[in-house]
Amino acid sequence: MTLNDLLNKTCLIGLSYFDLDGELLKQSQLCGTVISADEEEGISIRLQGKEATQGDKDPVFILPPTLTAWFTAPPGHYKNPESGVDIENPDYLVTWDIYKTKKDTPEGEHEWWEWVPRTAPPQVG
């Protein structure tokens with residue numbers, strides 16, 4: 001699979017955020033369609049669901065440009081009322097662990113996070 005193979009494919013994204021001690025801060029789910037994929041700019045997904053209706057007309061979420069977190073999704077209806085995810089038969093499941101890398105960041109300054117792809121297929125069901 002190449003980055004270009006992802007174009008116009010649908011995906012369900014699972015994100016887990018951790019603090020400096022490795023404690024889970026939050027988890028979120030997103031879904032959408034890949035609209036661009038570039039080795040430098042990342043993989044851009046046009047969101048659908050709850051995230052798509054909160055402000056931005058066409059919200060786009062960008063993932064790092066690695067394919068190790070992308071797995072063929074088993075057929076099914078994936079729904080999560082809390083996140084607004086509602087997608088049938090997505091092409092891919094994508095999961096990332098995101099770790100905070102800087103302790104105290106003053107208000108208004110950039111926070112630093114390390115994105116680590118989950119390389120084992122996600123468990124469904």
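Definitions and limits used
- Residues numbered from 1 in each chain as written.
- Predicted model: local features only at pLDDT ≥ 70, side-chain atom pairs only at ≥ 80, totals over all residues.
- Heavy atoms only, no water.
- Helix = DSSP H or I, 4+ residues; strand = E, 2+ residues; numbered from the N terminus.
- Buried < 20%, exposed > 50% of the residue type's maximum accessible area, 1.4 Å probe, protein only.
- Areas by Shrake-Rupley, 256 points an atom, 1.4 Å probe, with all protein chains shown as cover.
- Pairing = 2+ DSSP bridges.
- Polar contact = N/O pair within 3.5 Å; in protein donor to acceptor, adjacent residues only side chain to side chain.
- Contact = heavy atoms within 4.5 Å.

(A) The arrangement of the overall build of the protein in detail. Assigned secondary structure in the protein consists of zero helices and nine strands. Counting over 125 residues, the protein shows a buried share of 32%. For the protein, the accessible surface area stands at approximately 7,900 Å², while carbon and sulfur atoms represent 46% of it.

(B) Structural view of the pairing of strand β4 (residues 60-63). Here β4 shows a clear split, with Phe61 and Leu63 buried on one side and none of Val60 and Ile62 buried on the other. Pairing analysis gives four bridges linking strand β3 (residues 42-48) to β4, with the strands arranged antiparallel. Within β4, the position partnered with Ser44 by the bridge is Ile62.

(C) Spotlight on the side chain of Asp97. With respect to the helices and strands, Asp97 occurs in strand β8 (residues 92-100). A polar side-chain atom of Asp97 sits 2.7 Å from a polar atom in the side chain of Arg118. Setting aside its immediate chain neighbours within four residues, Asp97 contacts Ser16, Phe18, Glu114, Trp115, Val116 and Arg118.

(D) Local environment of the environment of Asp19. Inspection of the secondary structure assignment puts Asp19 in the loop between β1 (10-18) and β2 (24-38). Separated by 84 residues in the primary sequence, Asp19 and Lys103 have C-alpha atoms spaced 8.5 Å apart. Excluding residues within four positions of it along the chain, Asp19 makes contact with Leu25 and Lys100. Here Asp21 takes part through its backbone nitrogen, which lies 2.9 Å from a polar atom of the side chain of Asp19.

No statement about biological role is implied by the geometric values presented.
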